[in-house]
Amino acid sequence: ERPARPFGVKAITALYLVSALSSILAVLFLDVLAGNDEFVTMRRPELQDLPLLALAVSQIIILVGFWRLQRWAWYLVMLFAGVAMAVDLWHYYQGSPYYTSMFISVIIVLYLNQRDVQQAFLRSRKAETSP
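Since we're looking at a predicted model, the values are computed, not measured.

Sorry, what's going on with the nonpolar core here?
Soluble globular proteins tend to bury their nonpolar side chains together. Within the largest apolar cluster, 19 residues are counted, with the highest numbers of intra-cluster contacts made by Ile12, Phe66, Val77, Ile108, Leu112 and Phe121. Elements represented by at least two residues in this core include exactly helix H1 (7-28), helix H3 (50-67), helix H4 (71-94), helix H5 (99-112) and helix H6 (115-129). Those residues in contact with Ile12, other than ones at most four positions away along the chain, are Phe66, Val77, Ile108, Tyr111 and Leu112.

Honestly, the side chain of Ser105 in this entry has me stumped. Any pointers?
Among the structural elements, Ser105 can be located in helix H5. Every residue in contact with Ser105, bar those within four places of it in the chain, is listed here: Ala81, Ala84, Met85 and Asp88.

Sorry, what's going on with the packing of H3 against H4 here?
Any two packed helices are characterised by the angle at which their axes cross and by the distance between the axes. It is the contact of H3 with H4, at a shortest axis distance of 8 Å, that shows an interaxial angle of 140°. As judged from the angle between their axes, H3 and H4 are oblique. Along this stretch, H3 crosses H4, giving a crossing that reads as left-handed. Taken together, the residues of H4 that come into contact with H3 (itself represented by Leu55, Ser58, Gln59, Ile61, Ile62, Gly65 and Phe66) are Trp72, Ala73, Trp74, Leu76, Val77 and Phe80. Here the contact of H3 with H4 is built from residues that sort into 10 nonpolar, three polar and no charged.

Calculation notes
Residues numbered from 1 in each chain as written. Predicted model: local features only at pLDDT ≥ 70, side-chain atom pairs only at ≥ 80, totals over all residues. Heavy atoms only, no water. Core = buried A, V, L, I, M, F, W, Y, C linked by side-chain atoms within 4.5 Å. Buried < 20%, exposed > 50% of the residue type's maximum accessible area, 1.4 Å probe, protein only. Helix = DSSP H or I, 4+ residues; strand = E, 2+ residues; numbered from the N terminus. Contact = heavy atoms within 4.5 Å. Axes fitted to C-alpha atoms, helices over the stretch in contact; angles between N-to-C directions. Parallel < 35°, antiparallel > 145°, perpendicular 65-115°, else oblique. Left-handed = near helix turned anticlockwise from the far one by under 90°. Nonpolar A, V, L, I, M, F, W, Y, C, P; charged D, E, K, R; others polar.

The following block contains the structure:
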């Protein structure tokens, strides 16, 4: 019988889901975000949108692995959070800080380092390797 997921896993999953969906919505409604709000219509993704779409797809793949308590997903979430924090710091020193993103990255790292979250991923790994 598999133990319940810690709250930290649920919180990170929710934050990553919101992030992935916001990336997809940003691509589809980028004109509205740029200030061209005459009417709200979906637009067709263009070539410059591919990195943002690739990020969203990779976040969804990581999200599935994270929900299934796969250790590789824990590492990738930590890596993504570290990169996001570095980018946020760069924006901060450039004079255009993204405080929401900074806050979310810090929350994710704090939850990832909680003992119950780390133990959930270790239990999952031990369950896979035991006969």
